[in-house]
Amino acid sequence: MTPHTSRPARRTRLAVLLAALLCAAGASTAFATTLQERDARPSAVRAEVSGTYQSPHTKPYVRTQLFFGTGRHGGEPPITEEQFMDFLDEYVTPRFPDGLTLQEGYGQWRDRTGSINGERSYELILLYPREKAEARDADIEYLRDRYTEMYELESVGRVDEQVRADF
């Protein structure tokens with residue numbers, strides 16, 4: 001059995017519902033107006049409003065980070081700094097002569113046997129125009145394959161992201 005609702009209580013609920021509907025209609029009109037105003041702004045300001053500022057002074061680029069470990073399996077000694085710099089000079093620089101950034105770090109990962117390995121590592125950062133991404137992809141995959149084959153490693157980590165840059 002449902003409790004009996006008095007006529008004044010029903011009127012109050014109806015008034016509250018009507019007020020909520022009117023507020024929602026006003027909010028959607030205000031939202032549409034805000035969107036129209038936003039779209040009339042210059043593109044750099046529109047990007048800023050959406051949360052991703054895009055300077056008119058930068059261009060679309062791809063940023064690729066490669067993570068090269070130096071630990072080896074089967075009792076082999078770690079890859080030395082000299083060996084890595086030779087790899088950089090012989091294989092990386094000829095493919096990316098416009099520039100790169102190399103940072104030394106420490107990496108930790110779980111190998112295919114389930115062991116957790118910690119090792120000195122190198123992070124290679126490459127920036128290249130987005131329109132050259134397909135050609136750069138082949139070079140990057142060559143570097144990953146070459147390094148893992150040379151030193152009998154499981155992998156070289158890779159991260160790609162779209163960015164805006166200028167030099």
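Residues numbered from 1 in each chain as written. Predicted model: local features only at pLDDT ≥ 70, side-chain atom pairs only at ≥ 80, totals over all residues. Heavy atoms only, no water.

A. Focus on the overall build of the protein. Counting secondary structure elements, the protein contains four helices and four strands. Listing every helix and strand of the protein by position from the N terminus yields α-α-β-α-β-β-α-β. A burial count over the protein gives 24% of its 167 residues as buried. If you take every contact in the protein between residues at least 6 apart in sequence, the share linking residues at least 24 apart comes to 67%. Here the protein displays about 11700 Å² of accessible surface, and carbon together with sulfur accounts for 53% of that area. (Helix = DSSP H or I, 4+ residues; strand = E, 2+ residues; numbered from the N terminus. Buried < 20%, exposed > 50% of the residue type's maximum accessible area, 1.4 Å probe, protein only. Contact = heavy atoms within 4.5 Å. Areas by Shrake-Rupley, 256 points an atom, 1.4 Å probe, with all protein chains shown as cover.)

B. Region of the structure containing unusual backbone geometry. The backbone phi angle of Glu152 is positive, close to 50°, even though this residue is not glycine. With respect to the element layout, Glu152 can be found in the loop between helix H4 (133-151) and strand E4 (157-165). Take Glu152: its relative accessible area is 63%, and that puts it in the exposed class.

C. Region of the structure containing H4. The end-to-end C-alpha distance of H4 is 27 Å, a good match for the 27 Å that 19 residues give at a rise of 1.5 Å each. Looking at H4, one finds that the buried residues are Arg136, Asp139, Ile140, Leu143, Tyr147, Thr148 and Tyr151. The buried residues of H4 all sit within an arc of 160° when viewed along its axis, so they share a single face. Exposed residues pointing more than 90 degrees away from the buried face of H4 are listed as Glu134 and Glu149. Contacts from the buried residues of H4 go to strand E1 (59-69), helix H3 (81-95), strand E3 (116-129) and E4. The first or second residue beyond H4 is Glu152, which carries a positive phi of 50°. (Expected span 1.5 Å × (residues − 1). Arc of directions from axis to C-beta.)

The quantities given are spatial measurements derived from coordinates; they are silent on function.
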